[in-house]
Amino acid sequence: MSFSRGIFFIVTFFFSLILADLTQPGQYDYGFNVDLRLRKRVPSQSPIVTGLPLVNGTSPLRPDIRDLQKDQDMWNLYILALNWMQYTDQDSPFSWYQITGIHGAPALTWHDVAPTPGNEHSGYCTHVSILFPTWHRPYLALYEQVLYNYVQYIASLYPLDLQDRFQKAADSFRVPYWDWAAAPPDGESVLPVAVGGSSTVDIEGPNGVQTISNPLFSYVFKPFNGSIFPDFPYNTWRETKRAPRPVNSPNATSNNSFVAHALDTHLPSLQQRLYNVFTNYPNYTTFSNEAWVPNDNNGTYDSLESIHDSIHTIGGGVYGHLAIIAYSGFDPLFWLHHANVDRIFAMWQVLYNDTYVVPQPAVYSSHTTSPGEIEDSQTALTPFFSNETHFWTSDAVRDLEVFGYNYADVVNKTRADVIALINRRYGNFTPASMFLNTEKIRPHSSRHVGHLSQHPTQERPHRANGLSWNSQTSTRPPLSAVFRGNKYREWIANIRVSKHAMGGSFSIHLFLGEAPSDSTSWPVASNLIGSLGIIAHRGKHGMSPGRKVAGTIPMTSALMHVASLGEVPSLHAEDIVPFLKSNLEFRISLTDGRTAEPQDVDGLCISIVSSTVTAPDSETTLAEWGEVVSHFDLFV
């Protein structure tokens with residue numbers, strides 16, 4: 001980086017400090033005058049993603065957001081840094097607006113990393129790409145680095161008698177993640193209250209306790225430029241929204257309680273999908289992205305990216321920013337979500353460390369990539385500089401500790417340790433956990449297996465939602481209805497569809513029995529099995545006609561539920577196939593509130609498949625999948 005460019009970035013940061021003195025409503029008032037602030041040591045921001053300093057020779061851990069909230073000093077610094085970043089002038093390359101804008105809208109060129117011809121209107125993000133997990137890793141590291149520098153500066157502003165305390169917290173600061181597939185604490189939703197509970201938050205900063213805008217609730221554009229959002233109502237909303245009500249209104253407000261309800265309803269489906277990906281996707285190519293490969297294995301329709309898409313559509317809701325690729329980065333929930341996606345990627349790497357990025361053609365354009373270009377492990381992950389002249393590559397980011405962070409779920413963990421964690425945390429809605437618990441008590445108790453007490457294979461019990469069965473809280477069907485020996489059958493709806501079939505994001509909802517007539521209730525319906533979200537650009541932006549993506553909706557937990565009620569004799573194929581043919585329904589909803597008929601959705605195919613799975617014989621072994629068998633097409 002040239003001397004003049006370095007001066008520019010330092011001056012830009014100083015300018016953001018000066019503007020911070022002009023305290024706006026919702027912004028923390030530090031109470032310092034400009035001259036005093038400028039005399040203090042101010043860390044400069046850098047476009048080079050260097051990774052953060054180690055603490056006592058080790059990489060600090062990115063915490064779960066609920067755990068971070070328990071550390072009051074760290075939480076104060078985190079919220080204050082977010083608040084500062086969101087109130088930094090949008091012309092600064094280190095403002096919330098520009099860092100989040102790297103992902104999509106407004107398709108800005110960041111740090112002079114120019115677009116390739118024809119890609120001027122695309123963001124830098126890679127989707128339906130072999131680089132999906134690896135591109136987002138340095139993106140998160142850049143965001144984390146910017147926040148870390150704000151945290152260091154804010155810690156230096158505390159009164160002298162508190163500075164050592166807050167500096168200790170600041171040194172270990174790392175961004176949190178939100179585990180949307182884990183059962184939340186009793187009485188809480190999957191969506192943390194800190195994120196969606198209130199638009200304001202009381203925070204203890206260097207100038208005392210103040211009530212400020214909650215930077216996790218939304219981002220307010222300052223100033224708002226409706227031209228970056230070409231369509232109504234986005235071009236009227238001055239802040240990000242989630243499931244806004246009334247829909248399609250300039251005066252809409254976020255309905256986070258609906259988002260929370262939808263996430264709780266989808267928890268069994270999301271957890272089953274994640275468990276299945278961990279246990280049955282040992283190849284990086286199929287794990288990493290949602291591209292549908294014709295004639296590929298029927299057992300590899302899902303992916304990390306496809307599960308990630310569903311969080312975007314559920315978390316954004318109808319008309320929510322999070323549900324649109326180009327707008328999603330502005331929503332603070334994006335960063336908690338993607339930190340979790342990176343954590344899942346890290347866990348998967350421990351399980352299958354012998355497979356990684358292989359050359360594949362790009363499917364969609366990004367700011368610097370055109371469809372058809374070969375992407376491989378040495379492809380530049382733009383616009384993320386590793387030094388003054390080179391970009392990070394997938395090979396260079398394979399070890400996450402290169403950026404100075406880690407996760408408790410992988411640090412110093414063996415493969416067996418990670419498998420045990422997966423079985424405990426993400427196996428609650430699968431028969432595998434029923435078998436594990438049964439095996440645990442069989443030598444020690446004569447009790448019927450239908451009555452089990454709390455067991456170590458379950459980290460946190462959670463009631464079953466709607467059409468779901470939970471190994472810890474639901475009535476158990478007879479073992480003979482589920483198992484033949486140590487084998488059970490997983491039932492899945494395999495779905496493929498053109499990503500841009502509807503000119504925007506959409507969801508496919510699967511029901512047992514008649515779907516509700518009110519489409520707004522589909523994400524929270526009591527007979528919903530699950531939903532597959534497809535996150536896409538609105539309109540024609542970035543479209544590549546005919547390109548198909550794939551994902552799944554697991555049905556096993558729902559079928560365990562109806563079996564436990566005696567509505568179907570067993571999970572065996574001879575009982576389930578006729579039951580599903582008589583009872584399965586699906587519906588399609590768009591993120592603009594409309595619904596669609598299946599015949600109007602390009603490339604849509606829904607196939608019902610199953611696999612005979614060998615249950616793990618201990619919590620340190622994975623379930624083993626057999627061949628996936630196709631039973632019938634629900635729609636083609």
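Numbering of residues starts from 1 in every chain and runs along the sequence as written. Residues qualify for local features only when their pLDDT is at least 70, as the model is predicted, and side-chain atom pairs are given and counted only at 80 or more; totals for whole chains, interfaces and linings, by contrast, use all residues. As a rule here, side-chain values come from all non-hydrogen atoms in the structure, and water together with hydrogens is ignored.

Participant: A description of the overall build of the protein should follow, citing residues and the corresponding values.
Facilitator: Each helix and strand in the protein was counted, giving 18 helices and 14 strands. Whether two residues are in contact is decided by their heavy atoms, any of which lying within 4.5 Å being enough. For the protein, the share of sequence-separated contacts (at least 6 apart) that also reach a separation of at least 24 residues comes to 73%. Surface accessibility in these figures is a Shrake-Rupley result with a 1.4 Å probe; residues are shielded only by whichever protein chains are displayed. Total accessible area on the protein stands at roughly 22,900 Å², and carbon and sulfur atoms take up 51% of it. A helix here means a DSSP run of H or I that spans at least four residues, while a strand means a run of E at least two residues long, and both kinds are numbered starting from the N terminus.

Participant: How would you sum up the pairing of strand 8 (residues 506–512)? Please name residues and give values.
Facilitator: Partly exposed describes any residue whose relative accessible area lies between the buried limit of under 20% and the exposed limit of over 50%, with all areas from a 1.4 Å probe on protein chains only and scaled to the type maximum. In terms of residue burial, strand 8 counts as a mostly covered element, since seven of its seven residues are buried. Neither face of strand 8 is open: one carries F506, I508, L510 and L512, the other S507, H509 and F511, and all of them are buried. Following DSSP output, two strands are said to pair if at least two bridges run between them. Both strand 8 and strand 9 (residues 528–534) contribute to a ladder of six bridges, which runs antiparallel. Bridged to F506 within strand 9 is I534. With seven bridges joining them, strand 8 and strand 11 (residues 584–590) adopt antiparallel strand pairing. Note on strand 11: the bridge partner recorded for L512 is L584.

Participant: Give me the sheet that holds strand 8: which residues, what numbers.
Facilitator: Each strand in a sheet pairs with its neighbour through backbone hydrogen bonds, running either in the same direction (parallel) or in the opposite one (antiparallel). Spatially, four strands are ordered 9-8-11-12 in an open sheet, and the strand pairing comes out antiparallel. Two strands lie at the open edges of the sheet, namely strand 9 and strand 12 (595–596), each paired on one side alone.

Participant: Tell me about the pattern of salt bridges, residues and numbers included.
Facilitator: Salt bridge, as used here: a side-chain nitrogen of Lys or Arg that lies within 4 Å of a carboxyl oxygen of Asp or Glu. Inspection of the entire model under this criterion finds 19 salt bridges. R66 is paired through a salt bridge with E188; the nearest N and O atoms lie 2.6 Å apart. With R66 in helix 3 (residues 65–70) and E188 in the loop between helix 7 (160–171) and helix 8 (193–196), this pair connects stretches of sequence that are 122 residues apart. Overall, the relative accessible area of 16% leaves R66 in the buried class. Among the salt bridges present, the one from D302 reaches R273, with a minimum N-O distance of 2.7 Å. With D302 in the loop between helix 10 (284–288) and helix 11 (304–316) and R273 in helix 9 (residues 256–280), the pair connects residues that are 29 residues apart, well separated along the chain.

Participant: Give me the sheet that holds strand 13 (residues 605–614): which residues, what numbers.
Facilitator: Read across the sheet, four strands follow the order 10-7-13-14 without closing on themselves; strand pairing throughout is antiparallel. Either end of the sheet is taken by a strand with one partner, and the two such strands are strand 10 (548–554) and strand 14 (624–635). Here the strands of the sheet are splayed against their neighbours by 30 degrees on average, with no regard to which way each runs. With seven bridges joining them, strand 7 (residues 487–498) and strand 10 adopt antiparallel strand pairing. Its bridge partner being in strand 10, V497 is matched across the sheet by V549. With respect to the sheet, helix 9 is in contact with strand 7, strand 10 and strand 14, its orientation differing from that of strand 10 by roughly 110 degrees. Structural elements are reduced to axes, namely lines fitted to C-alpha atoms, with helices fitted over the stretch in contact, and the angle between N-to-C directions of any two is expressed from 0 to 180 degrees.

Participant: Can you tell me about the environment of F586, naming the residues and giving the values?
Facilitator: With respect to the helices and strands, F586 occurs in strand 11. Sequence separation of F586 and F511 is 75 residues, and the distance between their C-alpha atoms is 5.9 Å. Dropping the residues within four chain positions of it, F586 is found in contact with I508, H509, L510, F511, P598, L604, I606, L634 and F635.

Participant: Could you give me a rundown of the packing of helix 9 against helix 13 (residues 333–351), with the residues and numbers involved?
Facilitator: Running from N to C, helix 9 and helix 13 cross one another at 30 degrees; their axes reach a closest spacing of 10 Å. Between helix 9 and helix 13, the angle falls in the class roughly parallel. Crossing of helix 9 over helix 13 shows right-handed handedness. On helix 13, the residues that touch L274, V277 and F278 of helix 9 are I344, M347, W348 and L351. Here the contact of helix 9 with helix 13 is composed, by residue class, of seven nonpolar, no polar and no charged. We call two directions roughly parallel when the angle between them is under 35 degrees, roughly antiparallel when it is over 145, roughly perpendicular when it lies between 65 and 115, and oblique otherwise. Should the near helix be turned anticlockwise from the far one by less than a right angle, the crossing is termed left-handed; should it be turned clockwise, right-handed. All amino acids are sorted into three groups, where Ala, Val, Leu, Ile, Met, Phe, Trp, Tyr, Cys and Pro are nonpolar, Asp, Glu, Lys and Arg are charged, and the leftover types, Gly among them, are polar.

Participant: Hey, could you go over unusual backbone geometry for me, with residue numbers and the actual values?
Facilitator: Put simply, K222 and P223 share a cis peptide bond, and its omega is 0 degrees. With omega at -10 degrees, the peptide bond leading from R245 into P246 counts as cis. In this fold, P246 is placed in the loop between strand 2 (208–213) and helix 9. Positive phi values are uncommon outside glycine, yet A107 reaches one of about 55 degrees. Tracing the chain through its elements places A107 in the loop between helix 5 (96–101) and helix 6 (132–156). Positioned with a positive phi, D112 is a non-glycine residue whose angle comes to about 65 degrees. Note that D112 resides in the loop between helix 5 and helix 6.

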